[in-house]
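Remarks on the overall topology
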Amino acid sequence: MTQSKKKDDRASWRHYNFTTAGPVDDYLYSMLPKRDPVLAEMEDYASRQRIPIVGPAVARVLQQLAMLINARTVFELGSAIGYSTIWWAQMVGDKGRVIYTDGDSKNAELARGYFTRAGVADRITLHTGDALEFLSEQNQEFDIIFNDVDKEDYPRVLRLVAPRLRKGGLFITDNVLWSGRVAEKNPQEATTKAILEFNRKLYDSAEFYTTILPIRDGLAVALKR
Ligand SMILES: C[S@@+](CC[C@H](N)C(=O)[O-])C[C@H]1O[C@@H](n2cnc3c(N)ncnc32)[C@H](O)[C@@H]1O
């Protein structure tokens, strides 16, 4: 194994050896097709700067889910440098629309450059500011709402989503296993408590049919009935 391959295999965004045992995890990642240069550069940048992107295994699931429901509109809460945004944008087609949101204007600036270089800038609307506030202002129904903001806000996100998602649309949330902390006996962290409350309410909601895919840090996929 070359030095750079080794580095890729332990990228900070991978949550290595957590949901699947190390060698199985390696196998899953070895199955992924090579990414185009812009995405590969972003993966490398995110790993070096420790920016918590979803990474290519989860991103492929996101694209597959978008394909399954023929998604044309995606609202993303928490976009950072725009890595997951590009995967969505590649899938929504020429007339599709992806809304990027992030509270950090430096992230948005970087993301804008990546979108142009990836050839998807015309499909993306950038919003810098609070993602929950922006979602609450939306009057349309989206095909997909993707939630990747600060974890304490997850219960609040859940309250906003249903009216802004079409029937048959998907509400998808990253990090719902929180590196295993959801299984702690007596969790004290506010983030863990918020994720536990979110997962419980999502599973109990009559408006959604939910499963958690135990890939990387756990991905909740909720179908709006
Ligand atoms: C995990 S990263 C997003 C990674 C991105 N989804 C990806 O996979 O490429 C979370 C981002 O959400 C942003 N964020 C957290 N809470 C937010 C909020 N309430 N409104 C807007 N952005 C928020 C942070 O600035 C951070 O860049």
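Residues numbered from 1 in each chain as written. Predicted model: local features only at pLDDT ≥ 70, side-chain atom pairs only at ≥ 80, totals over all residues. Heavy atoms only, no water.

**Describing the environment of Thr-128**
- Among the secondary structure elements, Thr-128 is positioned in strand β3 (residues 124-128).
- With 28 residues separating them along the chain, Thr-128 and Tyr-100 place their C-alpha atoms 8.2 Å apart. (Helix = DSSP H or I, 4+ residues; strand = E, 2+ residues; numbered from the N terminus.)

**Topic: the site of the ligand**
- Taken together, the neighbourhood of the ligand is formed by 20 residues, with Val-54, Asp-102, Asp-130, Ala-131 and Asp-148 sitting nearest.
- At a separation of 2.8 Å, an oxygen atom of the ligand approaches a polar backbone atom of Val-54.
- Within the backbone of Gly-78, a nitrogen or oxygen atom sits 3.0 Å from a nitrogen atom of the ligand.
- In the complex, the protein chains occlude 88% of the 600 Å² of accessible area that the ligand would expose alone.
- Looking at the shell around the ligand, the elements with two or more residues in it are α5 (83-92) and α7 (131-136).
- For the shell around the ligand, the per-class residue count stands at nine nonpolar, six polar and five charged. (Near = heavy atom within 4 Å. Polar contact = N/O pair within 3.5 Å; in protein donor to acceptor, adjacent residues only side chain to side chain. Areas by Shrake-Rupley, 256 points an atom, 1.4 Å probe, with all protein chains shown as cover. Nonpolar A, V, L, I, M, F, W, Y, C, P; charged D, E, K, R; others polar.)

These figures capture arrangement, not role.
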